[in-house]
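Survey of secondary and tertiary structure
Each chain is listed here by its residues.
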Amino acid sequence: QVQCAAPLEQNKETLTKKCRNETECANICCLIPCKSYECKVKSSCPRIGAWKMSAPPALAEAFCCRLTFPPCCSAPIAWCVACKQCKDVDVFCVKQLSRWLLPDFVDHHDDHLGSP
């Protein structure tokens, strides 16, 4: 049986599977929780709802992430900044406006504004 190194976890459906090498074992016998996976492709963000899924390491980008379309821009405007932070532009704007209007409230309640 293969030991999966953190943050990988054992794929319970493949406990009896035989592997040819360590890489194959990691991709068959181990899964990475999407909540622990950091999207690597530029202009990709965590897939909505994927935090509760797990994927084989070789397929994690496809399972756990989504490409932004159109790709994020680099202008200093709300849409571009929100896109780069993988946030909905409306949530981003409300959070920014709240920081300006209610700075004491936002500092104490930041976890509830715009968190995925």
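That block above? That's the structure.
All values reported here derive from a predicted model rather than from experimental measurement.

1. Brief notes about the sheet that holds strand S4 (residues 54-55)
Spatially, S1-S2-S4 is the arrangement adopted by the three strands of the open sheet, whose pairing is antiparallel. Of all the strands in the sheet, just strand S1 (9-10) and S4 have a single pairing partner and so form its edges. The sheet contact formed by strand S2 (residues 30-33) and S4 spans two bridges and is antiparallel. Across the sheet, Pro-33 pairs through a bridge with Ser-54, a residue of S4. Against the sheet, helix H1 (residues 22-29) engages S1 and S2, with an angle of about 55° to S2.

2. Thoughts on H1
What H1 keeps buried is the set Glu-24, Cys-25 and Cys-29. On an axial view of H1, the arc spanned by its buried residues comes to 100°, and they lie on one face. Contact partners of the buried residues in H1: S1 and S2.

Basis of the calculations
- Residues numbered from 1 in each chain as written.
- Predicted model: local features only at pLDDT ≥ 70, side-chain atom pairs only at ≥ 80, totals over all residues.
- Heavy atoms only, no water.
- Pairing = 2+ DSSP bridges.
- Helix = DSSP H or I, 4+ residues; strand = E, 2+ residues; numbered from the N terminus.
- Contact = heavy atoms within 4.5 Å.
- Axes fitted to C-alpha atoms, helices over the stretch in contact; angles between N-to-C directions.
- Buried < 20%, exposed > 50% of the residue type's maximum accessible area, 1.4 Å probe, protein only.
- Arc of directions from axis to C-beta.

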